[in-house]
Amino acid sequence: MASDLFLIPFLTGLCLAVLLPLLGAYLRLRDEWLAALAYSHVAAAGALLALVGGFVPAIGGVAAAGLAGASKRLFAGRLSGGASYALLLLGGWAVAVLLAANQPMAERLGHALFDGQLYFAGPAQLSVVVPGGLLALVVLRRLAKNLLLAHVYPDFFRIRGLRAWPTQSGFDLLAALCLALATMNLGVMGAFALVFIPPWLAFRRARNWRAGLWLALLIGVFGYVLAFGIALGLDQPFGPVLALLLIVIGLVIA
Amino acid sequence: MTSLLQVEALVAGWQQPATPPVNLSLAAGEIIGLTGPNGVGKSTVLAALAGRAQVFAGRIVRQPGLRLALQTQDVPPVDGLPLSGRELLQLTGASPQGLPPWLIDRLDQRLDRLSGGQRHYLALWAILHAPADLVLLDEPTNNLDAAGVQHLTAHLHDRARAGAGIVVVSHDAAFVEAACDRVLRLEAGNGE
């Protein structure tokens with residue numbers, strides 16, 4: 001564990017295990033938890049497209065998810081009720097599977113993205129995840145009060161002259177970029193497990209919003225550390241171990 | 001007294017005109033009640049004053065820089081949300097000072113674990129005591145028991161004495177009588 005070989009992947013995942021449960025709490029607040037799966041699949045498709053096109057996969061993944069997050073509001077009128085996320089999920093999955101089926105290189109990366117390939121994270125990934133995660137936490141903190149106010153008192157929010165689009169579009173973009181970053185390192189389902197399960201439990205158990213954020217964070221970090229140790233010790237892929245462990249924790253706490 | 005709001009021959013609605021012409025003026029420290037039969041457009045007038053509903057005729061003149069607070073009949077969506085009463089008040093900048101004893105003790109509980117009446121009063125308080133010059137309340141006595149209505153009446157007067165102008169839509173005649181300085185009754189086809 002002390003070896004650089006595993007320390008760097010561990011620290012990379014730890015940053016994401018702090019960020020994703022907090023992001024997931026605000027996605028759940030907006031009833032948009034499906035967004036986590038949607039952006040992860042779009043990021044995976046973007047990464048494979050970039051690979052096939054001769055570009056850096058991580059950049060393709062982040063760019064595709066960022067584009068999806070930024071342009072979601074343009075179609076909000078026609079795609080209400082979570083339809084946009086369902087379409088993005090299906091589209092991302094379809095493109096990723098077709099590329100993997102027709103390109104040997106894409107097949108290998110596709111397996112890695114869908115299995116969860118944290119142990120391959122290196123200094124380059126860590127150097128993006130640490131500042132990116134910190135920046136995301138700062139932005140999330142700035143958006144937090146307006147996200148809550150817009151949810152509880154949408155009319156009050158509007159008549160106070162608070163502009164909705166910087167909060168909504170800013171959060172959409174933030175969620176997309178964070179999930180792309182997470183997908184590139186934890187895999188599609190590993191990222192989804194950290195976004196969905198800790199906030200779900202926190203919403204059920206916490207006595208207030210602040211305590212809920214702390215509870216989600218603690219569950220996420222605890223589950224991550226335990227899953228990392230188990231997967232490493234048993235030589236298993238990280239993503240499924242993390243998902244199973246969080247499911248067990250979820251069933252016990254819920 | 002400073003005039004906060006001047007409404008002249010206002011006809012408001014959503015897709016089409018839905019109210020009779022309305023005239024009213026409101027000064028700082030004044031409470032006006034808006035009453036009338038169901039469907040006459042009381043809530044639509046309030047929504048127009050808040051800039052939500054469409055103005056089809058007439059005009060609304062607001063004091064420049066006027067800060068508004070609006071309570072609608074929609075219940076804040078807090079089911080399943082770990083949000084306490086204290087956090088709700090912090091969101092709108094309302095102070096808990098002056099809350100009735102039966103709510104003070106429950107301020108740190110989750111809103112979705114309070115009774116409907118307790119939750120409604122906290123949601124109302126968060127708007128009533130938000131920093132605002134003009135407070136618009138739509139059926140504030142819904143879900144309140146007699147003690148709640150009495151407390152609300154007293155605090156509307158306190159809020160007005162502190163300088164806010166208040167417009168209240170209500171079907172509760174006794175409450176309107178006790179709480180409001182003036183009452184404007186809307187009738188179909190007749191604004192006053």
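Further up the page is the structure itself.
Calculation rules
One numbering rule holds for all chains: residues counted from 1, following each sequence as written. For this description, chains carry letters from A and ligands carry numbers from 1, given in the order in which they are written. Two thresholds apply to this predicted model, a pLDDT of at least 70 for residue-level local features and 80 or more for giving and counting side-chain atom pairs, whereas whole-chain, interface and lining totals are computed over all residues. Values shown for side chains rest on all heavy atoms present in the structure; no hydrogens or waters enter the calculation. The way it works is that DSSP assigns letters per residue, a run of H or I at least four long becomes a helix, a run of E at least two long becomes a strand, and they are numbered from the N terminus. Contacts between residues were defined by any pair of non-hydrogen atoms, one from each residue, lying within 4.5 Å. Areas reported as accessible are Shrake-Rupley estimates using a 1.4 Å probe. Residue values count occlusion only from the protein chains shown. We count Lys and Arg on the positive side and Asp and Glu on the negative side, and we leave His and both chain ends out. Taken as the charge centre is NZ of Lys, CZ of Arg, CG of Asp or CD of Glu, depending on the residue. A cavity here means a set of points on a 1 Å grid, drawn over the protein atoms and nothing else, where a 1.4 Å probe fits but cannot get out; a pocket is an open set with protein on both sides within 12 Å along at least five of seven lines, and a residue lines either one if it has an atom within 4 Å of a point. Grid points are joined across faces, edges and corners, and a volume is the space filled by probe spheres set on the points. A fitted line through C-alpha atoms represents every axis, and for helices the fit uses only the stretch in contact; the resulting angles, taken between N-to-C directions, go from 0 to 180 degrees. For classification, angles of less than 35 degrees are called roughly parallel, those exceeding 145 degrees roughly antiparallel, those between 65 and 115 degrees roughly perpendicular, and all remaining angles oblique. By definition, turning the near helix anticlockwise from the far helix through less than a right angle yields a left-handed crossing, and turning it clockwise yields a right-handed one. In this count, Pro and Cys sit with the nonpolar residues alongside Ala, Val, Leu, Ile, Met, Phe, Trp and Tyr, while Asp, Glu, Lys and Arg are called charged and the others, Gly among them, polar. Buried residues of nine kinds, namely Ala, Val, Leu, Ile, Met, Phe, Trp, Tyr and Cys, make up a nonpolar core once their side-chain atoms join them within 4.5 Å. To sort residues, take the accessible area from a 1.4 Å probe on protein chains only and compare it with the maximum for the residue type: under 20% means buried, over 50% means exposed, and anything in between is partly exposed. Think of it this way: DSSP has to see at least two bridges between two strands before they count as a pair. Buried area: the accessible area, evaluated with a 1.4 Å probe, that two parts lose upon being put together, summed over both parts. The term salt bridge refers to a pairing of a side-chain nitrogen on Lys or Arg with a carboxyl oxygen on Asp or Glu at a separation within 4 Å. In protein, a polar contact requires one atom able to donate a hydrogen and another able to accept it; more generally it is a pair of N or O atoms within 3.5 Å, and residues adjacent in sequence count only if both atoms are side-chain atoms.

1. Structural notes on the overall build of chain A
Within chain A, the regular secondary structure consists of eleven helices and zero strands. Reading the secondary structure of chain A in the N-to-C direction produces α-α-α-α-α-α-α-α-α-α-α. Nonlocal contacts in chain A, meaning residues at least 24 apart in sequence, comprise 79% of its contacts between residues at least 6 apart. Accessible surface computed for chain A: about 11,600 Å², of which carbon and sulfur atoms make up 71%. Across chain A, the 16 positively charged side chains and the 8 negatively charged ones have centroids separated by 16 Å.

2. Describing empty space enclosed by the protein
Rolled over the atoms, a probe sized like a water molecule indicates the empty space that remains. Following the criterion strictly, the structure yields one cavity of 30 Å³ or more and no others. There is about 30 Å³ of room inside the largest cavity. Considering the residues around the largest cavity, the lining is formed by A:Ala25, A:Ala202, A:Phe203, A:Trp209, A:Gly212, A:Leu213 and B:Pro82. Listing elements by their share of the lining of the largest cavity, those giving two or more residues are α9 (188-205) and α10 (209-234) of chain A. Looking at the lining of the largest cavity, the element that brings in the most residues is α10(A), giving three residues.

3. Quick notes on the environment of B:Leu26
Checked against the element boundaries, B:Leu26 lands in strand β2 (residues 22-27). Not counting chain neighbours up to four residues away, the residues in contact with B:Leu26 comprise B:Thr2, B:Ser3, B:Leu4, B:Leu5, B:Ile32, B:Leu134, B:Gly165, B:Ile166, B:Val167 and B:Arg182.

4. Comments concerning the packing of α9(A) against α10(A)
Between two packed helices, the angle of one axis relative to the other and the distance separating the axes together describe the packing. All names here are of chain A. Viewed as axis vectors pointing N to C, α9 and α10 meet at an angle of 140 degrees, and their least axial separation amounts to 8 Å. Viewed along their axes, α9 and α10 adopt a mutual orientation that is oblique. In this structure, α9 meets α10 at a crossing whose hand is right-handed. Contact residues: α9 offers Leu 194, Pro 198, Pro 199, Leu 201, Ala 202, Phe 203 and Arg 205, while α10 offers Trp 209, Gly 212, Leu 215, Ala 216, Ile 219 and Gly 220. When grouped by side-chain class, the residues that make up the contact of α9 with α10 number ten nonpolar, two polar and one charged.

5. A short note on the nonpolar core
Judged by nonpolar contacts, the single largest core of 119 residues is most densely connected at A:Leu20, A:Trp209, B:Leu83 and B:Leu156. Apart from residues no more than four positions distant in its own chain, B:Leu156 is found in contact with B:Ile31, B:Leu128, B:Leu137, B:Ile166, B:Val168, B:Phe175 and B:Ala179. B:Val22, B:Leu26, B:Val40 and B:Leu66 belong to the second-largest nonpolar core, a separate cluster that totals 30 residues.

6. Points about the sheet that holds β2(B)
Residue and element names in this part refer to chain B. Across the sheet, which stays open at both edges, the three strands sit in the order β2-β1-β4 with antiparallel pairing between neighbours. The strands lining the two open edges of the sheet, one partner per strand, are β2 and β4 (54-62). Put simply, the sheet's adjacent strands are angled 10 degrees from each other on average, direction ignored. Taken together, the five bridges between strand β1 (residues 3-13) and β2 define a ladder with antiparallel strand orientation. Paired with Ser 3 across the strands is Ala 27, a residue of β2. Helix-sheet contacts for helix α1 (residues 42-49) involve β1, β2 and β4, and the interaxial angle to β1 is about 125 degrees.

7. Quick notes on the interface of chain A and chain B
Taken residue by residue, the interface counts 20 residues in chain A and 31 residues in chain B. For the chain A and chain B pair, buried surface summed over both sides reaches about 2,000 Å², with 62% attributable to carbon and sulfur atoms. Taken together, chain A and chain B are joined by one salt bridge. On the surface where chain A and chain B come into contact, there are nine residue pairs in polar contact (both at pLDDT 80 or more). Of all the elements in the fold, those that place two or more residues in the side of chain A that touches chain B are α6 (123-152), α7 (154-159), α9 and α10 of chain A. The leading source of residues in the side of chain A that touches chain B is α6(A), at five residues. Here the side of chain A that touches chain B is built from residues that sort into eleven nonpolar, two polar and seven charged.

8. Focus: the layout of surface pockets
The computed volume of the largest pocket comes to approximately 630 Å³. Along its surface, the largest pocket is lined by 17 residues, and A:Tyr26, A:Arg141, A:Ala144, A:Arg210 and A:Leu213 are the ones closest to its centre. Broken down by secondary-structure element, the contributors of at least two residues to the lining of the largest pocket are α1 (4-29), α6 and α10 of chain A together with α2 (85-92) of chain B. The leading source of residues in the lining of the largest pocket is α6(A), at six residues. Partitioning the lining of the largest pocket into residue classes produces twelve nonpolar, one polar and four charged.

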